[in-house]
Structures are given as C-alpha cells and as structure tokens.
Amino acid sequence: MTSQSKKVLRAVGFVVGVALLGAAIAAIVRSAPTLDQLRAVIARPDGWLIAWAVAATIGNLVGASGMFYALVRSFGRIGFFEMGKLIAASSVLNYLPMRPGLVGRVVHQEVVNAIPMRRSVLSIVEAAVICAVTVLWLAIAVAMIRFTSARAVGAIIAALPIFCGLTFLLPDHLLWRRFLEAIFWRWIDLLSWAVRYAAVFAMLGVDLSPESAASAACIAAAANMIPFLGNGLGVREWAIGLAGPALATWTTDTGLAAELINRCLDLVVVVPLGLGVMPGIAKRIRNAGRGKTFPDMESKIGS
C-alpha cells in the first residue's frame, strides 16, 4: 500500500469516525430517558466516581506509556516520564486524519532519543501484537467467568498477566524481559479501562459486575486497534452501545452515553496533558534535529 493510499484511507476513516460520533450523539438526543440520565450526572455529580474515572484515564496513559517504554528503552536514551509525554501528545494528535502523533513520536525517538526509526516502527508492530493477544486473553477469561462453571479458573487466568510485573526483578539483558514487561503495562491499561467503564456506567445508574466491566474494556481496546481510525473514534461508541443488549447488561442508548462521558474524560484529562507537553516536545525535536534531514515517515510506519 502506497503512502498516498494510506493518507486517503486515514482521511476516509476520520470522516466515517466523525459521522458515527455524530450519529451516536443524535441517538442520545432522541432518547429522553438517556438525556435525563446525563442531566442527572451533570446536576448531581458523584465526586468519588469522577475521581475513579479520572484516575483510570490516567492509568490508561501510564499503561500505554509503560508498554512502549518497555519495548524501546533498551535501544536508546529515553525515560519513563518522557515516554509518557510522547504518548499523551500523540493520543491527542492521533484524532486528526493523518495521525501526526504517531509520526511525531517516531521522529522524536530517532532525533532526540537516538532510537533507530526501524526499531521504533518494529515496536509499534510488537505493541499491536501484544494488544491483540492481551485482549484475546482477557476475553477468554471473561467468557469462562460468565458462561462456564469454572469461574475460579477464569479469575486466575485474568490475574496471571499481573505477575509479568515480576520481570522488573530480572536482568535487563534478557531478551524476553521487555515483552513480559510490556504485557504487564498493557494489562494495567486494560484494567484501567475496566475501572473507567465501571465508573461511567455507575454515573448513569448501571452497576457493572467485574466481568461486565472487563467485557467493555475488551470491546473498547478492540475498537481502538482498528487501523485508519484515530482512537476508535465513532466505532467505540457504537461497539459499546450495541454490545449492551448482547450482554444483557445495558441498553444501547445508555452505552452510547457512557462512551460519550469517556470522550469527555479524554477532553478534560488527556487533551490538556497532551497540549501542555507539545511545545516542549517540538522544541526538543527542533534543537536536536538541526542540520538533519528525515525520510518519508508515512511510507515506513504503515497504518
């Protein structure tokens, strides 16, 4: 696939995402009970639920930052908090059609952190595989808990990736340490999504069981992985909304409203953080990249 065709697909994906988001908002506006739920959330906010939702949103950033940090730190000079800044900035920019956040992060890692572009691109592929495997792992655990009598086994399966955190005790030179460490951070990301959904649905008067919250986390993570759509825009709303009746847990309109609250969390938590660190990131790239030329990033990164 050529660089130009990728740009076209991303532009189309952006338009489709915005259209789906608009359709989700229109569906909520047409539903009087759902509008009443949202008005109640605004009129009588629950401080504890808001705190949990904000903390979980930050947990998403920490988990994503840790995963990429684990995958690239052995190949250059980068700190955990520096990676966190890059992830926050790219999360905001990736809403745009051409996903400039992804390109900008790869450029920063090569110019500022001395991480070869090929290594950065490979880390994106590795992260995609880890994301897919962990979502499948959690989905299997949830299915065992929800639909079989082996609930204890499902709970053990769900808890196993946490023990990947023990790899922090192992020597850095071990090849597979960085993959296990990345899995651990990805699991933190998924658990943060589960907490986030439990909190936003509780705001709307729906109490989710742990397995239902984990199911929502799997759906959101899968939607976020769709190529050419920044942060699952539009798709995540409808995936969560339509999954409710299938899981017999929430209505479609309530699911759409919950995801709309999640988008608002991005606006009040992720966007300010991302915008706040962008000037410093841009300055570091300019200072470190003086006199250097860069190849066509689009043709090397992919979707």
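Our subject is the structure listed above.
Residues numbered from 1 in each chain as written. Predicted model: local features only at pLDDT ≥ 70, side-chain atom pairs only at ≥ 80, totals over all residues. Heavy atoms only, no water.

Q: Which parts of the structure should I look at to understand the overall build of the protein chain?
A: When helices and strands are counted, the protein chain shows 12 helices and zero strands. Across the protein chain, helices and strands are ordered from the amino to the carboxyl terminus as α-α-α-α-α-α-α-α-α-α-α-α. Its C-alpha atoms give the protein chain a radius of gyration of 20 Å, near enough to 19 Å, the size a compact globule of 303 residues would have. The principal-axis extent of the C-alpha atoms belonging to the protein chain is close to 60 × 40 × 40 Å. Across the 303 residues that make up the protein chain, the buried fraction comes to 49%. Taking all contacts inside the protein chain whose residues are at least 6 apart in sequence as the whole, residues at least 24 apart take part in 72%. Distance from the positive charge centre (27 side chains) to the negative charge centre (16 side chains) of the protein chain: 9 Å. (Helix = DSSP H or I, 4+ residues; strand = E, 2+ residues; numbered from the N terminus. Rg over C-alpha atoms; globule rule 2.2 N^0.38 Å. Buried < 20%, exposed > 50% of the residue type's maximum accessible area, 1.4 Å probe, protein only. Contact = heavy atoms within 4.5 Å. Lys, Arg positive; Asp, Glu negative; His and termini not counted. Charge placed at Lys NZ, Arg CZ, Asp CG, Glu CD.)

Q: Could you clarify how one ought to interpret the nonpolar core in this entry?
A: Most often, soluble globular proteins have nonpolar side chains that are buried together. In terms of nonpolar packing, the biggest core is built from 33 residues, with Met 67, Phe 68, Leu 71, Ile 78 and Met 83 touching the most fellow members. Mapped onto this core, the elements with two or more residues apiece are helix 3 (47-72), helix 4 (80-93), helix 5 (100-111), helix 6 (117-147), helix 8 (177-203) and helix 11 (252-288). The element contributing the most residues to this core is helix 3, with eight residues. Setting aside its immediate chain neighbours within four residues, Leu 71 contacts Arg 119, Ser 123, Glu 126, Ala 127, Ile 130, Arg 178, Phe 179 and Ala 182. Leu 38, Val 200, Ala 216 and Leu 265 belong to the second largest nonpolar core, which has 30 residues in total. (Core = buried A, V, L, I, M, F, W, Y, C linked by side-chain atoms within 4.5 Å.)

Q: What should I look at first to understand the packing of aromatic side chains in this one?
A: Pairs of aromatic rings are described using the distance from one ring centre to the other and the angle between the two planes. Per the counting criterion, the structure on display carries seven aromatic pairs. Judged by centre distance (5.7 Å) and plane angle (25 degrees), the rings of Trp 193 and Tyr 197 are stacked. On the criterion of helical spacing, the pair formed by Trp 193 and Tyr 197 is a turn pair, its members being four residues apart in helix 8. On the basis of relative accessible area, Trp 193 is assigned to the buried category, the value being 6%. Since its relative accessible area comes to 0%, Tyr 197 is described here as buried. Between Phe 201 and Trp 250 the ring centres are 4.5 Å apart and the planes differ by 35 degrees, which places this aromatic pair in the tilted class. Taken together, the positions of Phe 201 in helix 8 and Trp 250 in the loop between helix 10 (235-247) and helix 11 put the pair 49 residues apart, joining distant regions of the chain. Connected via pairs of aromatic rings, a cluster forms that spans Tyr 69, Phe 80, Phe 81, Phe 184 and Trp 185. Over the face of the ring belonging to Phe 68 we find Arg 105, whose NZ or CZ atom lies 4.2 Å from the ring centre. Above the face of the Phe 75 ring, Arg 119 is positioned so that its terminal group lies 4.3 Å from the ring centre. (Phe/Tyr/Trp six-rings, centres within 6.5 Å; stacked < 30°, edge-to-face > 60°. Lys NZ or Arg CZ within 6 Å of the ring centre and 35° of its normal.)

Q: Where do I start with the packing of helix 6 against helix 7 (residues 151-159) in this structure?
A: For any two helices packed against each other, one specifies the crossing angle of their axes together with the interaxial distance. For the pair helix 6 and helix 7, the least separation of the axes is 7 Å and the interaxial angle reads 160 degrees. By the criterion of interaxial angle, the relationship of helix 6 to helix 7 is roughly antiparallel. Taken as a pair, helix 6 and helix 7 cross one another with a handedness that is left-handed. Seen from helix 6, the contacting residues are Trp 137, Ala 141, Met 144 and Ile 145; seen from helix 7, they are Arg 151, Val 153, Gly 154, Ala 155, Ile 157 and Ala 158. (Axes fitted to C-alpha atoms, helices over the stretch in contact; angles between N-to-C directions. Parallel < 35°, antiparallel > 145°, perpendicular 65-115°, else oblique. Left-handed = near helix turned anticlockwise from the far one by under 90°.)

Q: Before we go on, may I ask you to explain the environment of Cys 264 in this structure?
A: Summarising the element assignment, Cys 264 is placed in helix 11. Note: C-alpha distance between Cys 264 and Leu 122 (142 residues apart in sequence) is 32 Å.

Q: I would appreciate a short explanation of the packing of helix 6 against helix 9 (residues 210-224) in the present structure.
A: Two elements in contact, helix 6 and helix 9, have axes separated by 10 Å at closest approach and are oriented at 150 degrees. When the axis of helix 6 is compared with that of helix 9, the two are roughly antiparallel. Pair helix 6 / helix 9 crosses with left-handed handedness. In this structure, helix 6 contributes Val 135, Leu 138, Ala 139, Val 142, Ile 145 and Arg 146 to the contact, and helix 9 contributes Glu 211, Ser 212, Ala 214, Ser 215, Cys 218 and Ala 221. Taken together, the residues of the contact of helix 6 with helix 9 break down into eight nonpolar, two polar and two charged. (Nonpolar A, V, L, I, M, F, W, Y, C, P; charged D, E, K, R; others polar.)

Q: Before we go on, may I ask you to explain a nonpolar patch on the surface in this structure?
A: Residues Trp 137, Ile 156, Leu 160, Ile 162, Phe 163, Leu 166, Leu 169 and Leu 191 make up a contiguous nonpolar surface patch of about 800 Å² in total accessible area. By the element assignment, Ile 162 lies in the loop between helix 7 and helix 8. Owing to a relative accessible area of 34%, Ile 162 belongs among the partly exposed residues under this scheme. (Patch = residues over 30% accessible without salt bridge, like charges linked within 9 Å, V, L, I, M, F, W, Y side chains within 5 Å. Areas by Shrake-Rupley, 256 points an atom, 1.4 Å probe, with all protein chains shown as cover. Salt bridge = Lys/Arg side-chain N within 4 Å of Asp/Glu carboxyl O.)

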